[in-house]
Amino acid sequence: MEPTTEVVMARPSPGLAGFIDHYLGYRMTGHEAGLHRGLPSRHMTLIVAIGHTVDVVAQTDPRQSPREYGFVLGGLQATPATIAHDGFQQGVSISLTPLGCRTLFGIPAGALWNTTVECDEVAGPTGRQLWEELQHLTAWPDRFAACDRILTGLACHDRIVTPELTWAWRALAETDGTATITALADEIGWSRQHLGRRFSAEFGLSPKLAARIARFEKANRMLGNTPSFVTIAQVAAACGYYDQAHLNRDFAELAGCSPTTWLAQEVPSVQDRGGLSG
């Protein structure tokens, strides 16, 4: 069988737009079985598997046991997960921002830091409902419409992140981590220490680490999509690293390998194209 990859992207309904960046439907068939690194990202992990489960064989937190998920929900992370596949993958990846965690699930994103669960463990029967409906729908527009309808039913717009932290998160994400923490604190009118405490309590990580992950995410996307004549050093410079060695160190810590190893070993992941962790 010839390998095939189908990827379809859609925007959420307007009522979800502040919390979900987009949906990514994916279907891969005929590929060789293998392992995929689920990398740190500015988005939380929210993937509805269709057919085969999402098989996490090494969690970001080694204290958490390997597990297969039908509808996986995971927090922000600073280390990679390892996901096994048999050459067939199908599902909908939902680009959930940490700002949407409170609104959809009633908990801060920090409550899920560095961990993954079945969505119904947090969302209750509604999480199971979305998984069940997507198993029986075949057209991507129908699947995205089901996501819109069910996730809108979960959303409670009285549950929101404070304006100061909402602004700080968006500033880091929209600048790919180049906004300085001092500038963020000054703009809000808080001290760096107060911003750090409030930010970490809400999202599970410090502003400095969030900026680092946003910059790393931009770099790994560029590496995966840039022509081969563009060097890693050029990508490093474009993403705000001091030099290639600086980028290499971030890859070693956040991806568990060097950029060259990642490019050589990793089959491009459709979930990563959607801006999600694995």
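So, how was this worked out
Residues numbered from 1 in each chain as written. Predicted model: local features only at pLDDT ≥ 70, side-chain atom pairs only at ≥ 80, totals over all residues. Heavy atoms only, no water. Helix = DSSP H or I, 4+ residues; strand = E, 2+ residues; numbered from the N terminus. Rg over C-alpha atoms; globule rule 2.2 N^0.38 Å. Buried < 20%, exposed > 50% of the residue type's maximum accessible area, 1.4 Å probe, protein only. Contact = heavy atoms within 4.5 Å. Areas by Shrake-Rupley, 256 points an atom, 1.4 Å probe, with all protein chains shown as cover. Lys, Arg positive; Asp, Glu negative; His and termini not counted. Charge placed at Lys NZ, Arg CZ, Asp CG, Glu CD. Pairing = 2+ DSSP bridges. Axes fitted to C-alpha atoms, helices over the stretch in contact; angles between N-to-C directions. Core = buried A, V, L, I, M, F, W, Y, C linked by side-chain atoms within 4.5 Å. Phe/Tyr/Trp six-rings, centres within 6.5 Å; stacked < 30°, edge-to-face > 60°. Lys NZ or Arg CZ within 6 Å of the ring centre and 35° of its normal. Disulfide = S-S within 2.5 Å. Salt bridge = Lys/Arg side-chain N within 4 Å of Asp/Glu carboxyl O.

Caption draft 1: Looking closely at the overall build of the protein. Per the secondary structure count, the protein includes twelve helices and ten strands. Taken over C-alpha atoms, the radius of gyration comes to 18 Å for the protein, in line with the 19 Å a tight globule of 278 residues would show. Seen along its three principal axes, the alpha-carbon backbone of the protein occupies a region of about 50 × 50 × 35 Å. Every one of the 278 residues in the protein was classed for burial, and the buried ones make up 51%. At a minimum sequence separation of 6, the contacts of the protein that also span at least 24 residues come to 75%. Surface exposure of the protein reaches about 12300 Å², of which carbon and sulfur atoms provide 53%. Treating the 22 positive side-chain charges of the protein as one cloud and the 28 negative ones as another, the clouds have centres 6 Å apart.

Caption draft 2: Spotlight on the sheet that holds strand β4 (residues 45-49). Read from one edge of the open sheet, six strands run β1-β2-β9-β4-β7-β10, paired in antiparallel fashion. In this open sheet, the two edge strands, each paired with only one partner strand, are β1 (4-10) and β10 (116-118). The average undirected angle you get between the axes of adjacent strands in this sheet is 20 degrees. Pairing of β4 with strand β7 (residues 71-74), which is carried by four bridges, proceeds in the antiparallel orientation. Residue threonine 45 lies in a different strand from β7, and its bridge partner there is glycine 74. Across the sheet, helix α3 (residues 125-136) is in contact with β4, β7 and β9 (89-96); its angle to β4 comes to roughly 45 degrees. The sheet contacts of helix α4 (residues 140-154) involve β1, β2 (20-29) and β9, and relative to β2 the element is tilted by about 140 degrees.

Caption draft 3: Focus on the nonpolar core. One finds Phe105, Leu195, Phe199 and Phe203 to be the most contacted residues of the largest nonpolar core, which totals 70 residues. Residue contacts for leucine 195: discarding those within four places in its chain leaves Leu165, Ala168, Ile181, Leu184, Ala185, Ile188, Trp190 and Pro207. In this structure, Ala49, Val54, Val56 and Ile83 belong to the second largest nonpolar core, which totals nine residues.

Caption draft 4: Up close: the packing of aromatic side chains. Applying the stated criterion to the full structure yields seven aromatic pairs. On the basis of an interplanar angle of 10 degrees and a centroid distance of 5.9 Å, the ring pair of tyrosine 23 and phenylalanine 144 is categorised as stacked. Within this pair, whereas tyrosine 23 is found in strand β2, its partner phenylalanine 144 is found in helix α4, the two being separated by 121 residues in sequence. You'll find tyrosine 23 and phenylalanine 144 in the same group, each marked buried. Judged by centre distance (6.0 Å) and plane angle (20 degrees), the rings of tryptophan 140 and phenylalanine 144 are stacked. Here tryptophan 140 and its partner phenylalanine 144 are both found in helix α4, four residues apart, which amounts to about one turn of the helix. For the residue pair tryptophan 140 and phenylalanine 144, the accessibility class agrees, reading buried in each case. One cation-aromatic arrangement involves arginine 143 over tryptophan 140; the distance from NZ or CZ to the ring centre is 4.6 Å. Positioned over the ring face of tyrosine 241 is arginine 215, at 4.5 Å from the centre of the ring.

Caption draft 5: Fine view of the state of the cysteines. This structure, assessed with the given rule, holds zero disulfides. No disulfide involves cysteine 119; its sulfur sits 9.6 Å from the nearest other cysteine sulfur, which is in cysteine 101. Free cysteine cysteine 239: the closest other cysteine sulfur is in cysteine 257, separated by 16 Å.

Caption draft 6: Highlighting the side chain of histidine 246. Secondary-structure assignment places histidine 246 in helix α10 (residues 244-254). Filtering out sequence-adjacent residues up to four positions away, histidine 246 remains in contact with Arg215 and Tyr241.

Caption draft 7: Highlighting the pattern of salt bridges. All told, the structure shown has twelve salt bridges when counted by the stated rule. Where glutamate 121 meets arginine 67, a salt bridge forms, and the shortest distance between an N and an O atom there is 2.5 Å. Here arginine 67 lies in strand β6 (residues 67-69) and glutamate 121 lies in helix α2 (residues 120-123), a separation of 54 residues in the sequence. A relative accessible area of 45% means that glutamate 121 is categorised as partly exposed. Judged by its relative accessible area of 31%, arginine 67 falls in the partly exposed class. One salt bridge connects lysine 218 with aspartate 176, and the closest N-O pair in it is separated by 4.0 Å. Linking lysine 218 in helix α8 (residues 207-225) with aspartate 176 in the loop between α5 (163-174) and α6 (181-188), this pair joins segments that are 42 residues apart in sequence. What emerges from the salt-bridge pattern is a single network uniting Arg42, Asp176, Glu217, Lys218 and Arg221.

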